[in-house]
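# Commentary on secondary and tertiary structure
Residues per chain are reported as follows:
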Amino acid sequence: MGTLGEQVSGMEQMDKLVTLCKRRGFVFQNSEVYSGLAGFWDYGPLGVELKRNIERFWWNYMVRRRDNVAGLDAALIGPEAVWVASGHVGAFHDALVDDKNSKERFRIDQLLYHTEEDAEAAEIYALEAIEAGVTDETKFWDGLKEKIGYYPLNPNTGKASRFTAPRQFNLMFKQGIGATGEGGQTGYLRAETCQPIFVDFDSVRVTARQRVPFGIAQIGKAFRNEINPRNFLFRAREFSQMELEFFVRPDSLIEQLKAAQVAETPGLHDQPGSLAPTQHWYEYWLGERRSYYTALGIRDEFLRIHDHPPEKLAHYAKAACDIEFLFPFGWGELEGIHHRGDYDLRQHQEHSGKKFEYFDDDAHRLLTESGMNKDEARRLATYLPNCIETSVGLDRTFLAVLTAAYDEDEQDTKHEGKEADIRIVLRLHPRLAPVTCAVFPLSKKLSGPDSKAYKLYRTLIEMGLSCEFDDAGSIGKRYRRMDEIGTPWCLTYDFDSEEDGAVTVRDRDSLSQDRVSLEEVPTLLIQKLSES
């Protein structure tokens, strides 16, 4: 939530990003020929590549490089019982208000406030008023003014208006399953990707042969019937999450092991050791996620950590924070990291009747070796694991990556009457770029299917690189297009190439141009990617 000044200052940059996304085929409005459907977006040819590259980067960082994380791809719809157990059916609500003048609808924290703290205070106040049954508009808004010192404004106009008292709005998409009438079943499109992980906890643990501590990761769609989708990809009704639920020993068991003077063993991948309290795991994953963004190429000035105050914590949470990104419209949540305790497994155990308790045979052995009665040791070593969650929006990451990469600089031009021209460039991490390299024959005389230029292109494609072949237009225009879509390297095959068997390799960021033999090009590009 930003101030009006922050929103206005970022509007130009956001407009440029949206225009670039449409012009170059990154993102389109869903069903635009039918006037569009708010809160739903389609990823075009380049957007699909960038999105998949972000997914792959996250999956490699969070799953493949770790021995104790397994993957899952669960169904998008779950039975009502799952979402009753999780609390979503009964409590997954936002505070909705209507602007009586403009007829617009807003979440109360999306109105225009002086500070983010005031927006949070208004949301808490509204939820308390809803629970207390307050329906009198004057009473509610005068009460809010007493709390924060002023009336919030319409965020679209920046002006005062007349708003209704807040009311609850459930964000779940309800879905009938099977035949209507007798025998039909009620389900919901999942509002978050973590609940299927908890439901499948035991199945994944057993089949993946994992022992606590271990994690389950998933990338997939989630759906929320947002009151007011806004800020392009930031708040949509259909979105993707990249999520890890990491299960650890509870603090009660750790205290018993320490009391028994058990020696600590080191953890995998520089993770906390066997006697680490759950808070250490929370801090470990916060550090890992910050390191991830560095590896992704996002500079520190674009990121900050926002710790949730105690009054904003869910009743089951021991700690929570957001990693926020400086979007064009201001700071916004990119990722949430939560210490969820054993709440979710306990809820599903109670509602389903299935045991999710884990028997920790290592802990049982250590406790009995210390002299503890075997039955007592078994009782202590049988537990519901605690869960540390990291959940990041894929679509928000997509927008953050574009925001951080977008740049403009001045370059010499041959346009009549102009000495310099503005070059738009996406300085994407090479492993994220939708096109890794492009092959440019200088002339169509050099671009036939039997040409060496085309053979180079096919070689790079067969190596698994994302590569384009373009022989249309001036070389300058081709360079500009590749700069706009973030292609790190362009390979120009000219008439000299026929003689010396080399191409000119142009670097997107430095604009350096080096002559490289055709045989060395594949090795050079692989080396550059590995070093990036």
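What comes next is a walk through the structure.

Conventions used here
- Numbering of residues starts from 1 in every chain and runs along the sequence as written.
- Given that this is a predicted model, residues contribute local features only at a pLDDT of at least 70 and side-chain atom pairs are listed and counted only at 80 or more, while totals for whole chains, interfaces and linings are drawn from all residues.
- Computation of side-chain values covers all heavy atoms of the structure but excludes hydrogens and water.
- Helix and strand definitions here come from DSSP, where helices need a minimum of 4 consecutive H or I residues and strands a minimum of 2 consecutive E residues; each element is numbered from the N-terminal end.
- Any pair of residues with heavy atoms lying within 4.5 Å of one another is described as a contacting pair.
- None of His or the chain ends enter the tally, which takes Lys and Arg as positive and Asp and Glu as negative.
- Each charge is placed at NZ for Lys, CZ for Arg, CG for Asp and CD for Glu.
- In this analysis, the expected span of each helix is defined as 1.5 Å times one less than the number of residues it contains.
- Exposure is judged per residue with a 1.4 Å probe applied to protein chains only, and the accessible area is read against the type maximum: over 50% gives exposed, under 20% gives buried, and values in between give partly exposed.
- This arc corresponds to the set of directions leading from the helix axis out to the C-beta atoms.
- In protein, a polar contact requires one atom able to donate a hydrogen and another able to accept it; more generally it is a pair of N or O atoms within 3.5 Å, and residues adjacent in sequence count only if both atoms are side-chain atoms.
- Between any two strands, pairing holds if DSSP finds at least two bridges.
- Here a pair means two rings of Phe, Tyr or Trp (six-membered ring of Trp) with centres within 6.5 Å. Their orientation is stacked below 30 degrees between planes, edge-to-face above 60, and tilted elsewhere.
- Here, a charge over a ring means that NZ of Lys or CZ of Arg falls within 6 Å of the ring centre while also lying within 35 degrees of the ring normal.
- Patch criteria: residues need more than 30% relative accessible area and no salt bridge. Like-charged residues are merged within 9 Å; nonpolar side chains of Val, Leu, Ile, Met, Phe, Trp and Tyr are merged within 5 Å.
- Here the accessible surface of atoms and residues is derived via Shrake-Rupley with a 1.4 Å probe, and residues count as covered only by protein chains that are part of the display.
- Criterion for a salt bridge: a side-chain nitrogen of Lys or Arg within 4 Å of a carboxyl oxygen of Asp or Glu.
- For every element, the axis is a line fit to its C-alpha atoms; helices are fit only across the contacting stretch, and the angle between N-to-C directions ranges from 0 to 180 degrees.
- By definition in this entry, angles of less than 35 degrees are roughly parallel, angles greater than 145 are roughly antiparallel, angles of 65 to 115 are roughly perpendicular, and the rest are oblique.
- Here the term charged refers only to Asp, Glu, Lys and Arg, the term nonpolar to Ala, Val, Leu, Ile, Met, Phe, Trp, Tyr, Cys and Pro, and the term polar to all other amino acids, Gly among them.
- To qualify as a nonpolar core, a set must consist of buried Ala, Val, Leu, Ile, Met, Phe, Trp, Tyr and Cys residues joined through side-chain atoms within 4.5 Å.

Helix and strand counts for the chain come out as 18 helices and 24 strands. Structurally, the chain occupies a C-alpha span of about 85 × 70 × 50 Å along its principal axes. For the chain, contacts bridging at least 24 residues in sequence account for 67% of all contacts bridging at least 6. Taken as two groups, the 65 positive and 86 negative side-chain charges of the chain have centres that lie 3 Å from each other.

Quick look at helix α6 (residues 137-148) now. Taking 1.5 Å per residue as the helical rise, α6 with its twelve residues ought to reach 16 Å, and the 17 Å between its terminal C-alpha atoms agrees with that figure. For α6, the set of buried residues is F140, W141, G143, L144 and I148. In a view along the axis of α6, the buried residues occupy a sector of 155°, so they form one face of it. Opposite the buried face of α6, by more than 90 degrees, sit the exposed residues T138, K139 and E146. If you follow the buried residues of α6, they end up packed against β5 (93-98) and α5 (116-132). By the N-cap criterion, in which a side-chain oxygen at the helix start approaches the backbone nitrogen of a residue two or three places on, α6 is capped by D136, the distance to T138 being 3.1 Å. Of the residues trailing α6, G149 is marked for its positive phi of about 95°.

Bridging between strand β23 (residues 502-507) and strand β24 (residues 513-517) involves five bridges; their strand directions are antiparallel. Bridged to V505 within β24 is D514. In this structure, the hairpin formed by β23 and β24 is closed by a connection of five residues, where L511 is found at a positive phi of approximately 65°.

Bringing the packing of aromatic side chains into the picture now. In the structure shown here, the tally under the stated rule is 29 aromatic pairs. Their ring planes at 80° and their centres at 5.2 Å tell us that Y454 and F469 sit as a pair that is edge-to-face. Placement of the pair is Y454 in helix α15 (residues 452-462) and F469 in strand β21 (residues 467-469), with a sequence separation of 15 residues. Exposure remark for F469: the relative accessible area of 22% places this residue in the partly exposed category. Over the ring of Y292 we find R289; its NZ or CZ atom is 4.1 Å from the centre of that ring.

A surface patch of nonpolar side chains, about 200 Å² in accessible area, is lined by L76, I77 and I177. Within the fold, L76 resides in the loop between β3 (69-71) and β4 (77-79). Given the relative accessible area of 35%, L76 is considered partly exposed.

All right, on to the packing of helix α2 (residues 45-64) against helix α14 (residues 394-405) then. Look at α2 against α14: their axes get within 10 Å of each other, and the N-to-C directions meet at 110°. As the angle between them shows, α2 and α14 are arranged roughly perpendicular. Across the interface between the two elements, G47, L50, K51, I54 and E55 of α2 pack against L394, D395, T397, F398, V401 and L402 of α14. Residue composition of the contact of α2 with α14, grouped by class: six nonpolar, two polar and three charged.

Take the nonpolar core next. Among the nonpolar cores identified, the biggest contains 67 residues, and F26, I54, W58, Y292, Y293, F325 and F398 are the most heavily contacted of them. For W58, the residues in contact, after removing those within four places along its chain, are V63, A217, Q218, I219, M242, E243, L244, R289, Y292 and V392. By size, the runner-up hydrophobic cluster in this structure holds 27 residues, among which are F198, Y358, A377 and C387.

What follows covers the pattern of salt bridges. In this structure the tally under the stated criterion is 42 salt bridges. For K16, the salt bridge is made with E12, and the minimal N-O distance between the two is 3.6 Å. Of this pair, K16 and E12 are both found in helix α1 (residues 4-24), four residues apart, which corresponds to roughly one turn of the helix. By relative accessible area, K16 is classed as partly exposed at 30%. Of the charged contacts, one joins K354 and D202 as a salt bridge, the two residues approaching to 3.9 Å between their closest N and O atoms. One end of the pair, K354, is in the loop between α11 (343-352) and β15 (358-359); the other, D202, is in helix α8 (residues 201-207), and 152 residues separate them in sequence.

With respect to the helices and strands, M62 occurs in helix α2. Expressed as a C-alpha distance, the spacing of M62 and L244, which sit 182 residues apart in the sequence, is 7.9 Å.

On to the sheet that holds strand β9 (residues 185-189), then. Strand order in this open sheet of three strands is β4-β9-β8, and the pairing throughout is antiparallel. Strands at the two margins of the open sheet, each flanked by one partner only, are β4 and β8 (173-177). Sheet twist, expressed as the average angle between the axes of neighbouring strands with direction ignored, equals 40°. In this structure, β4 lies alongside β9, joined through three bridges in antiparallel fashion. By the bridge assignment, I77 is partnered in β9 with L189.

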